[in-house]
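Geometric and topological summary
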Amino acid sequence: MSVTESVRVRAPRLPWPGLIMLAAGVFLSITIEMLPTGLLPEMSVGLGVAEPFVGLLMSVFAFAVVVTSTPLTALTSRMPRHGLLVAVLAVLGLTTLASALVPEYWMLVAIRVVGGIAHGLFWALVAAYAARLVPEQQIGRAISVTLGGGTLALVAGVPAAAVLGQLIGWRPVFAIVGALTLVGGALVWRFLPPVRGAQAETAARFRRGDVALGPVLLVSAVTAVTMLGQYAVFTYVAPLITEVVGLDVGAVGPLLVVYGVAGAAGLALAGSRLAVHPVRALVGAMALISVSLVVLGLAPGTWPSIVAFAVWGIAFGAIPPLLQTRLLQAAPPGHRDAASALYTTAFNVGIGGGALLGAVLFDRLGVTALPFAYAALLALVAVGLAREAFGASRQRGSTTAAAAGPVRPPAV
């Protein structure tokens, strides 16, 4: 093998220290966002409010993300991204520490609003920053490594916080997580390499007529619809397991662990060669989820349902990194923060709207309808994506043929 061929085959090494720092930030931000879910009973007693009011702390957090993510990204477009990431993590850490100290529920609501604002800006920055650290062909792997922090938060961070909260109380848990986030911010400042030159340039927003705006809006719309269906079902996963599948309530926890581990496997798959063609991989993942949901809805028995549950976890674990990979491929480097802000907004709209849609369907049609509704929704989205990919492929083929010019007949 020649030196030239060796260079072609060998891909550049990933910037592991920087990506691990970003993944650590994602781990901390997701843990902070989800803390109330694992500490619901303890916070209810400690604050003297009903459990649904503690649940509203999640909604307030998500609403702050939806409202502020895009405009804040535009307002901070001239700020150095490295320093901004550190500042946002500092705000997340300080608000989490303050959450451990406030005596009244309404004060905690106000603090969660501030935390949600910082969280939304963090998510507008983090994936685009990961993309700045690597060449174009490695964006998929970089995104998967970065988002691995979120998977670890759901599989380990949030459950560990819940167990610790039962032992020492919810306020010390918030204080510990807040302190760890401040330490994490200091480590990001020290070990995350800054971006300079053309890679550091950031557009405040998309403008009408930008070529990339259409593809970015399409990815954002697909994200919102997909998360709408996912959280319409997953919000009510416990009754789905007990009432539809027919398992005992004690099986809910172990099945969620299976789902989390399967999701980590899906995340790893999204960082493989699948990310070279993210739209095709998305269509395949959506098809797998649709089939697994239909199987769950039909309740064919314990083991087929467990397998379907695991397949759902694997396929959905791949979807967010594939969506972000497609988003960052579609957006020029200078517009990636703005594109990520639109994606973050769409993601949180889907989460909030999904819980509401699920509640309506659950109330009117019963929990059995939820998996079938999500399967039908995903099937429609997958068909739309497949048509878009096929149309883009034909257009590229036509462009290539036109550039090549007319084919000359062979000489006689």
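Description of the structure in this document. (Residues numbered from 1 in each chain as written. Predicted model: local features only at pLDDT ≥ 70, side-chain atom pairs only at ≥ 80, totals over all residues. Heavy atoms only, no water.)

**A look at helix H11 (residues 252-270)**
Heads up, the condition is: Counting from the N terminus, the helices are the DSSP runs of H or I reaching at least four residues and the strands are the DSSP runs of E reaching at least two. By definition here, a helix of n residues has an expected span of 1.5 Å times n minus one. Remark: exposure states derive from per-residue accessible area (1.4 Å probe, protein chains only) relative to the maximum for the residue type, with buried under 20%, exposed over 50%, and partly exposed in between. Contacts: residue pairs with any heavy atoms within 4.5 Å of one another.
With 19 residues, H11 should cover 27 Å at 1.5 Å per step; its first-to-last C-alpha distance of 27 Å lies within 8% of that length. Within H11 the residues assigned to the buried category are Val-252, Leu-255, Tyr-259, Gly-260, Ala-262, Gly-263, Gly-266, Leu-267 and Ala-270. Where H11 is buried, its residues contact helix H7 (139-168), helix H9 (213-234), helix H10 (237-245) and helix H13 (302-330).

**Here's the deal with helix H3 (residues 40-47)**
To be explicit about the condition: To obtain the arc, one takes the directions from the helix axis to the C-beta atoms.
When we look at burial in H3, the residues that qualify are Met-43, Ser-44 and Leu-47. All buried residues of H3 project into a common sector of 105° when viewed along the axis, lining one side. Those residues of H3 that are buried are in contact with helix H2 (16-38), helix H4 (51-75), helix H6 (105-132) and helix H8 (170-191). In the stretch just after H3, Gly-48 is the one whose phi turns positive, near 70°.

**Some details on the pattern of salt bridges**
Short version of the rule: In what follows, salt bridge is the name for a side-chain nitrogen of Lys or Arg lying within 4 Å of a carboxyl oxygen of Asp or Glu.
Summed over all chains, the structure comprises 2 salt bridges. A salt bridge links Asp-337 to Arg-81, with the nearest nitrogen and oxygen atoms 2.7 Å apart. Separated by 256 residues along the polypeptide, Asp-337 in helix H14 (residues 336-365) and Arg-81 in helix H5 (residues 81-99) bring together distant segments of the chain. As a salt-bridge pair, Asp-337 and Arg-132 come within 3.2 Å of each other at their nearest N and O atoms. Taken together, the positions of Asp-337 in helix H14 and Arg-132 in helix H6 put the pair 205 residues apart, joining distant regions of the chain. Comparing Asp-337 with Arg-132, the two get one shared label, buried. The network of salt bridges with shared partners includes Arg-81, Arg-132 and Asp-337.

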